[in-house]
Amino acid sequence: MRLDGLVFREAVEPDVPVLQSFRNDPGVNHFMVRTHVDPDDLRREWLAVPHSPTDYSCVVERDGQVVAMGFLDIVDGSGQPGHPTGTDGVIGYVVDPRAAGQGIGTATARALVRAAFDRLGLRRVTAAANADNVASVRVLERAGMRRERLSLKALWHQELGWLDEVEYALLDEEWDARGPDTSRAPDVRTRAT
Ligand SMILES: CC(C)(COP(=O)(O)OP(=O)(O)OC[C@H]1O[C@@H](n2cnc3c(N)ncnc32)[C@H](O)[C@@H]1OP(=O)(O)O)[C@@H](O)C(=O)NCCC(=O)NCCS
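Notes on the structure in this doc start here. All of these numbers come straight from a predicted model, not from anything done at the bench.

Reading the values: rules and limits
Residues numbered from 1 in each chain as written. Predicted model: local features only at pLDDT ≥ 70, side-chain atom pairs only at ≥ 80, totals over all residues. Heavy atoms only, no water. Near = heavy atom within 4 Å. Polar contact = N/O pair within 3.5 Å; in protein donor to acceptor, adjacent residues only side chain to side chain. Helix = DSSP H or I, 4+ residues; strand = E, 2+ residues; numbered from the N terminus. Nonpolar A, V, L, I, M, F, W, Y, C, P; charged D, E, K, R; others polar. Pairing = 2+ DSSP bridges. Salt bridge = Lys/Arg side-chain N within 4 Å of Asp/Glu carboxyl O. Buried < 20%, exposed > 50% of the residue type's maximum accessible area, 1.4 Å probe, protein only. Axes fitted to C-alpha atoms, helices over the stretch in contact; angles between N-to-C directions. Parallel < 35°, antiparallel > 145°, perpendicular 65-115°, else oblique. Left-handed = near helix turned anticlockwise from the far one by under 90°. Contact = heavy atoms within 4.5 Å. Phe/Tyr/Trp six-rings, centres within 6.5 Å; stacked < 30°, edge-to-face > 60°.

Some thoughts on the site of the ligand
Then, number 1: Taken together, 22 residues sit near the ligand, with Gly103, Gly105, Thr106, Arg138 and Arg142 positioned nearest.
Then, number 2: The separation between an oxygen atom of the ligand and a polar main-chain atom of glutamine 102 is 3.2 Å.
Then, number 3: In terms of residue count, the dominant contributor to the shell around the ligand is helix H5 (residues 134-142) (6 residues).
Then, number 4: Here the residues of the shell around the ligand are counted per class, giving 13 nonpolar, 7 polar and 2 charged.

Right under this line is the structure:
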């Protein structure tokens, strides 16, 4: 998919060192539930994505360089026995800190939401963030998601203890009602060198 001047695609072997170079950055892991990712696990997991029926994670490319990763997993909703399965999506994203603050996080969330509804036909998309992750909360709001839940002291953090968590969601009917995308596209800026 192409959107907002970025390319969203499956990862290939040459992308792995770049992904490894920022996925375990301390500033990134401060906000991640899954903290340190073993480099071999990272390679194995990303190269397995094209073969997975439920994992649509992607790398994000700007001007030929990988600058972020997006996560999109198809999951089951919850409910009584017999509920439909594989109907919901969970999204997430990590922007290379060297490319932060340039609209890439917002563009990535917009692309993941669009892929979930328009390409995968999902019913409901959610995303969660530490309540104090101001940039991520802003990304979700800019992507048009709706704040649905604030869970107090719900998330354990190694340095900070129990943290509040926010969850955002969007339903397919809300997406459809929106019509042509009128939300404000991020101004994805080319990084000054
Ligand atoms: C959160 C993250 C994805 C944001 O990506 P980004 O490309 O820097 O975000 P954008 O440039 O699209 O900016 C989105 C908004 O956040 C704001 N923002 C960006 N960095 C910020 C910061 N450090 N503090 C406060 N606000 C910030 C921007 O001003 C913008 O707000 P605006 O729309 O009002 O102008 C990125 O910082 C990141 O990967 N963080 C570490 C991993 C993480 O937190 N992932 C999400 C887990 S839920």
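From this point, things continue past the structure.
A few points about the pairing of strand E2 (residues 6-9)
Both faces of the sheet carry side chains from a regular strand, because those side chains alternate between them.
Then, number 1: Bridge count between strand E1 (residues 2-3) and E2: 2 bridges; the pairing is antiparallel. Residue pairing across strands places leucine 3 opposite leucine 6, the latter belonging to E2.
Then, number 2: Between E1 and E2, which pair antiparallel in sequence order, lie 2 residues; one of them, aspartate 4, sits at a positive phi of approximately 55 degrees.
Then, number 3: Two strands pair when backbone bridges link them, and E2 and strand E3 (residues 58-62) are joined in this way by 3 bridges, in the antiparallel orientation. Its bridge partner lying in E3, arginine 9 is registered against valine 59.

Description of the pattern of salt bridges
Then, number 1: Summed over the entire model, instances satisfying the criterion amount to 13 salt bridges.
Then, number 2: Note that arginine 44 is salt-bridged to aspartate 41, the shortest N-O span being 3.0 Å. In this pair, arginine 44 and aspartate 41 both sit in helix H3 (residues 39-48), 3 residues apart, roughly one turn of the helix.
Then, number 3: Given a relative accessible area of 26%, aspartate 41 falls into the partly exposed group.
Then, number 4: Notably, a salt bridge pairs aspartate 88 with arginine 123, separated by 3.2 Å at the nearest N-O pair. One end of the pair, aspartate 88, is in strand E5 (residues 88-95); the other, arginine 123, is in the loop between helix H4 (104-119) and strand E6 (124-130), and 35 residues separate them in sequence.
Then, number 5: Here the salt bridges share partners, and the residues they tie into one network are Arg124, Arg146, Glu148 and Glu174.

Structural notes on the packing of helix H1 (residues 16-23) against H3
Then, number 1: Across the interface, H1 lies against H3 with an axial gap of 10 Å and an inter-helix angle of 125 degrees. The angle between H1 and H3 falls in the class oblique. Relative to H3, H1 is oriented so that their crossing is right-handed. Here Val16, Leu19, Gln20 and Arg23 of H1 come into contact with H3, specifically with Pro39, Leu42, Arg43, Trp46 and Leu47.
Then, number 2: When grouped by side-chain class, the residues that make up the contact of H1 with H3 number 6 nonpolar, 1 polar and 2 charged.

Some remarks on the environment of phenylalanine 117
Then, number 1: Mapped onto the secondary structure, phenylalanine 117 falls in helix H4.
Then, number 2: On a C-alpha basis, the gap between phenylalanine 117 and aspartate 88 in space is 9.7 Å, while along the polypeptide they are 29 residues apart.
Then, number 3: Those residues within four positions of phenylalanine 117 in sequence are excluded, and the remaining contacts are Leu122, Arg123, Arg124, Val125, Leu170, Leu171, Asp172 and Trp175.

Some words on the packing of aromatic side chains
Then, number 1: The final tally for this structure, using the stated rule, is 3 aromatic pairs.
Then, number 2: Arranged with centres 5.5 Å apart and planes meeting at 25 degrees, the rings of phenylalanine 117 and tryptophan 175 form a pair that is stacked. Of this pair, phenylalanine 117 sits in helix H4 while tryptophan 175 sits in helix H6 (residues 172-178); the two residues are 58 residues apart in sequence, bridging distant segments of the chain. No difference in accessibility class separates phenylalanine 117 from tryptophan 175, as the two residues are buried.
Then, number 3: On the numbers, 5.4 Å between centres and 70 degrees between planes, the contact of tryptophan 156 with tryptophan 162 is edge-to-face. Each member of the pair, tryptophan 156 together with tryptophan 162, is exposed.

Examining the sheet that holds E1
Then, number 1: Pairing is mixed across the open sheet formed by 8 strands, whose spatial order is E1-E2-E3-E4-E5-E6-E8-E7. The open sheet is flanked by E1 and strand E7 (146-157), the only strands paired with a single partner.
Then, number 2: H4 contacts E1, E2, E3, strand E4 (65-75), E5, E6 and strand E8 (161-171) of the sheet and is inclined by roughly 35 degrees relative to E4.

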